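# Structural overview for review
Residue-level listing of the chains:
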Amino acid sequence: MGVGNKRTLTKTRRKTRDLDQIKADLLSPKHLSQHKDTKSKEDLPGLGRWYCVECAKWYDSEVNLVMHRKGKPHKRRVKQLRAEPYTQKEAEAAIGLGTNNEDPSRTGKATENEVEMAI
């Protein structure tokens, strides 16, 4: 008996909340309370009292939480959260897809190839 696939276990074991989920937590207390309600208090470190919203991590004591907030990983995460996320429009523009695919000379004019329909 052994572990079947160590690579998959490692990938899923350290899964944290995504930046867009954390931004939603910061903007809406309702969203944050829904996330906290999904966890059982008895299973969390420190009975779920000390939680870092920016990093989405639970801590055993207030001292550990304060030390975490002074550290580099927390400050790095806060900096990531300050940056605006890319939109779908920006992503499409980066690869050359645009929403305005019309020829600028054609806007507002009928061309010779177009035939007006009579009623």
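From a predicted model like this one, the values you see are computed outputs, not experimental measurements.

Parameters at a glance
Residues numbered from 1 in each chain as written. Predicted model: local features only at pLDDT ≥ 70, side-chain atom pairs only at ≥ 80, totals over all residues. Heavy atoms only, no water. Helix = DSSP H or I, 4+ residues; strand = E, 2+ residues; numbered from the N terminus. Buried < 20%, exposed > 50% of the residue type's maximum accessible area, 1.4 Å probe, protein only. Contact = heavy atoms within 4.5 Å. Areas by Shrake-Rupley, 256 points an atom, 1.4 Å probe, with all protein chains shown as cover. pLDDT = per-residue confidence, 0-100. Core = buried A, V, L, I, M, F, W, Y, C linked by side-chain atoms within 4.5 Å.

## Some details on the overall build of the protein chain
The helix and strand tally for the protein chain stands at 6 helices and 2 strands. The helix and strand sequence of the protein chain, counted from the amino end, reads α-α-α-β-β-α-α-α. For the protein chain, the residues scored as buried account for 17% of the 119 residues in total. Looking at the protein chain alone, contacts between residues at least 24 apart form 31% of all its contacts between residues at least 6 apart. Surface exposure of the protein chain reaches about 10500 Å², of which carbon and sulfur atoms provide 53%.

## Quick word on the confidence of the model for the protein chain
Detail in the predicted coordinates should be disregarded across regions flagged by low pLDDT. On average, residues of the protein chain carry a pLDDT of 79, and 70% of them reach 70 or more. Within the protein chain, no element has a lower average pLDDT than helix α1 (residues 6-13), which sits at 64, and none a higher one than helix α4 (residues 62-70), at 95.

## Quick word on the nonpolar core
In terms of nonpolar packing, the biggest core is built from 8 residues, these being Ile22, Leu32, Leu44, Tyr51, Val53, Ala56, Trp58 and Leu81. Among residues more than four places away in sequence, those in contact with Val53 are Ile22, Asp25, Leu26 and Leu32.

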